[in-house]
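Here are the chains, one letter per residue:
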Amino acid sequence: MHSVFEGSPYKQYPGSSYATHVTFDVYKKGAYFDSGQVKYITDFKWGQTFTTTYVDRGIFEELFIAPKALNESSGEVSLYVRTVPFITFIWGGLFLMVAGIISLVLVDRSLESSSLKAEFSLNGKRNNGSKVRKGAKK
């Protein structure tokens, strides 16, 4: 964990925000998997605090890690860790649904254009005598 001022100087601060970088290792089933980094940022200009998130997307699960709280004097960090199973299948289902909607629109348009072509290609005699205008009496 290390902290630095970031951004351009603001009032009495050497930067517009103070960011604490937290670096960690991720283990799955007892074996090293990945290294990650999240930030806990205090913005002096806007008077708010926010964090960045580590996300690892896999086929069967997504792993989210974000800092909840930190204590710089003791070097302790409280992390929020959440695993969301099968989230990729939900995204896959969404993309399949969008692809289905697009294909339906394309098929519908092609059927409309072919039916319009069929209407214009009809040849025949028209009996104009039986045609009555709207609003006219018979």
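Here, every reference points to the structure presented above.
Presented here is an overview of the structure given in this document. (Residues numbered from 1 in each chain as written. Predicted model: local features only at pLDDT ≥ 70, side-chain atom pairs only at ≥ 80, totals over all residues. Heavy atoms only, no water.)

## Some words on the sheet that holds strand β7 (residues 76-85)
Stated formally: The criterion for strand pairing is that DSSP finds at least two bridges linking the strands in question. Strands here are runs of E lasting at least two residues and helices are runs of H or I lasting at least four, both read from the DSSP assignment and numbered beginning at the N terminus. In this description, a line fitted to the C-alpha atoms serves as the axis of each element, helices being fitted only across the stretch in contact, and the angle between N-to-C directions of two axes falls anywhere from 0 to 180 degrees.
Read across the sheet, three strands follow the order β5-β6-β7 without closing on themselves; strand pairing throughout is antiparallel. Here the strands that pair on one side only, and so sit at the sheet edges, are β5 (54-57) and β7. Neighbouring strand axes in the sheet, compared pairwise and without regard to direction, differ in orientation by 15 degrees on average. Pairing of strand β6 (residues 61-71) with β7 involves 10 bridges; the strand directions are antiparallel. Within β7, the position partnered with Ala 69 by the bridge is Ser 78.

## Regarding the pattern of salt bridges
Inclusion rule: What counts as a salt bridge is simple: a side-chain nitrogen of Lys or Arg found within 4 Å of a carboxyl oxygen of Asp or Glu. Any residue under 20% of the maximum accessible area for its type is buried, any over 50% is exposed, and the rest in between are partly exposed; the area is computed with a 1.4 Å probe on protein chains only.
In the structure shown here, the tally under the stated rule is four salt bridges. In this structure, Glu 6 and Lys 39 form a salt bridge, with 3.9 Å as the shortest nitrogen-oxygen distance. A residue pair is termed long-range when its members are at least 10 positions apart, and Glu 6 in strand β1 (residues 2-6) and Lys 39 in strand β3 (residues 31-43) qualify at 33 residues. Under the relative-accessibility criterion, Glu 6 is labelled partly exposed at 24%. Among the ionic pairs, Asp 56 bridges to Lys 28, the shortest N-O distance being 3.7 Å.

## Some details on the nonpolar core
Using the following cut-off: Here, the term nonpolar core denotes a set of buried Ala, Val, Leu, Ile, Met, Phe, Trp, Tyr and Cys residues that are joined through side-chain atoms within 4.5 Å. Whether two residues are in contact is decided by their heavy atoms: any pair within 4.5 Å suffices.
Counting residues in each nonpolar core, the largest one holds seven residues, listed as Val 22, Phe 24, Val 26, Val 38, Tyr 54, Leu 63 and Ile 65. Among the elements that take part in this core, strand β2 (residues 17-28) stands out by supplying three residues, more than any other. Setting aside anything within four residues of it in sequence, one finds Leu 63 in contact with Val 26, Tyr 54, Val 55, Asp 56, Val 81, Arg 82 and Thr 83.

## Points about the side chain of Ser 16
Mapped onto the secondary structure, Ser 16 falls in the loop between β1 and β2. Looking at Ser 16, the relative accessible area reads 16%, which means it is buried. Excluding anything up to four places from it in sequence, Ser 16 contacts Glu 6, Gly 7, Ser 8, Tyr 10, Thr 42, Asp 43, Phe 44 and Lys 45.

## Details of the packing of aromatic side chains
To keep things clear, this is the line we draw: Geometry of aromatic contacts follows a simple scheme: Phe, Tyr and Trp rings, the Trp one being its six-membered ring, pair when their centres are within 6.5 Å, and the pair is stacked under 30 degrees between planes, edge-to-face over 60, tilted otherwise. Counted as over-ring charges are cases with an Arg CZ or a Lys NZ within 6 Å of the ring centre that also lie within 35 degrees of the ring normal.
Counted by the stated rule, this structure contains eight aromatic pairs. With a centroid separation of 6.1 Å and 35 degrees between ring planes, the pair formed by Phe 5 and Phe 44 is classed as tilted. Placement of Phe 5 in strand β1 and of Phe 44 in the loop between β3 and β4 (48-51) is noted, with a sequence separation of 39 residues between them. Using a relative accessible area of 40% as the deciding quantity, one classes Phe 5 as partly exposed. A residue is classified by how much of its surface remains accessible, and Phe 44, at 23% relative accessible area, is partly exposed. Taken together, Phe 5, Tyr 13, Tyr 18 and Phe 44 form an aromatic cluster joined through their ring pairs. The lysine or arginine in question, Lys 28, covers the ring of Phe 33, its NZ or CZ lying 4.2 Å from the ring centre.

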